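Structure at a glance
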Amino acid sequence: MIYNINKIRLDFPILKKRINKKRIIYLDNASTSQKPKIVIKNQTKFYKNYYSSVNRSIYTLSNINSNKIEEIRIKISKFINAKSPEEIIFTNNSTESLNFLAYSLTKNINKNDNIIISIIEHHSNIIPWYLISKKINYKLKIIKINKKGFININDLKKKINKNTKIISITHISNVLGIKNPIKKIIKIAKKKNILTIIDGSQAISHIKINVQKINCDFYIFSGHKIYAPTGTGILYCKKKNLNNLNIWKSGGGIIANINIKKYKINNIQFINSPWKFESGTLNIESIIGLGDAINYINKIGIKNIINYEKKIIKYTLNKLKNIPEIIIYGSKKKISIISFNVKNNHCYDIGMLLNQNGIFIRTGNQCAIPTMKLYNISGICRLSIAMYTSKKDINTFIYVLKKIINLKK
Ligand SMILES: *Cc1c(COP(=O)(O)O)cnc(C)c1O
């Protein structure tokens, strides 16, 4: 199949927009991705024709939406090759999925235990563990990265012991854009019965995810980074762990019965997994949007997207490498993200000047202050691509960046 980039770009209305007469060049896809027409159109269609709550009533509209949500659960389970749709739990984003796991899994942990994360995690995979470790007094161990930026397996082996209960690490770094050796790490963890959590926020739209092959216990991501609206997250939980997972947030929508006698609650029966983990009214329209986004990706083909993005990232790297003033962080084996700085310049100055030319990149600490400290910097310029990033986008970016560098000399 020929990857028709021009046709794909037409599917994303925002790419046609101009600001101050300048075509938008959106290179901040690691923060959030733009939405295809079909996702945008169906959101309105839903509000106009189908809007209602789910899982709470027997009337027609509610049934239509309840069924739709379950269809989308199946679609997502197939997309990441889960064994069963019951392994898919809807949350509000990656951050909520990680907080869920941090609070839920640590209920059975005591102060002699330890949990392992890495130094290059997003704050969302650091702070929840840290805050709970302060309460329970378990040890939070942080593993190093090697010179090229990959999680250091030797350091992991050193830090694992019989009291290690959980390893929670990122699949693709949101700063360095490189893929960690998660299969190796999970193999090591399995031998010692340690639960594994993979933060797939940056991986989900750029590589093929097969949770059965990865063999992790949990895999999490946000819908809005995979062309869906904001407001949905996914928490994949391997079936055998569903029973050990404690309810983290509770309330309406998850109760089968309450035994109450004379104003005293004796006990509560919850409904089954995974629904018992989804208390509160779901973000229905966003879940529907996530279904539409996955349909769209499936139509183009994730393999085709991967092949195309490989070419674009290589093309960008080659151009950037030839600019002597550019410092690129981490191994050059980038998947979707390139973080860089311009020698003797602050990232905000570069970001501001690029913005004046209609080019949008992320600047600052990337929600990863520990990584910044590791490299002795306060911030970084991060360029991140998506399925619609064109060579023309990159050419303009490089042209403008060179102009900025020459101006500053
Ligand atoms: C974006 C991101 C998160 C947080 O995602 P939210 O949608 O903001 O909750 C967590 N981890 C990584 C690696 C990310 O890139």
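Preceding this section is the structure that the text describes.
My aim in this report is to walk through the structure given alongside it, one point at a time. (Residues numbered from 1 in each chain as written. Predicted model: local features only at pLDDT ≥ 70, side-chain atom pairs only at ≥ 80, totals over all residues. Heavy atoms only, no water.)

Turning our eyes to something else, we now look at the sheet that holds strand E13 (residues 326–328). Pairing is antiparallel across the open sheet formed by 4 strands, whose spatial order is E13-E14-E17-E16. Pairing within the sheet leaves two strands with one partner each, and these edge strands are E13 and strand E16 (362–364). The sheet shows a mean angle of 30 degrees between the axes of neighbouring strands, taken without regard to direction. When strand E14 (residues 337–342) meets strand E17 (residues 380–384), the two strands line up antiparallel, connected through 4 bridges. Bridge pairing links Phe340 to Cys381 in E17. Here helix H12 (residues 347–356) sits on the sheet and contacts E14, E16 and E17; the angle it forms with E16, its principal contact strand, is near 155 degrees. Helix H14 (residues 391–408) rests against E13, E14 and E17 of the sheet, and its axis sits at about 15 degrees to E14. (Pairing = 2+ DSSP bridges. Helix = DSSP H or I, 4+ residues; strand = E, 2+ residues; numbered from the N terminus. Axes fitted to C-alpha atoms, helices over the stretch in contact; angles between N-to-C directions. Contact = heavy atoms within 4.5 Å.)

The next subject is helix H3 (residues 60–79). When the terminal C-alpha atoms of H3 are compared, their 29 Å separation across 20 residues agrees well with the 28 Å that a helix rising 1.5 Å per residue should span. Within H3, the full set of buried residues consists of Ser62, Asn65, Ser66, Ile69, Ile72, Arg73, Ile76, Ser77 and Phe79. One side of H3 carries all its buried residues, which in axial view fall inside an arc of 160 degrees. Across H3 from its buried face, at more than 90 degrees, point the exposed residues Thr60 and Lys78. Tucked into the core, H3 has its buried residues touching helix H2 (37–49), strand E4 (88–91), strand E9 (218–222), strand E10 (233–237), helix H10 (284–300) and helix H11 (302–321). Two residues or fewer past H3, Asn81 is found with a positive phi of approximately 55 degrees. (Expected span 1.5 Å × (residues − 1). Buried < 20%, exposed > 50% of the residue type's maximum accessible area, 1.4 Å probe, protein only. Arc of directions from axis to C-beta.)

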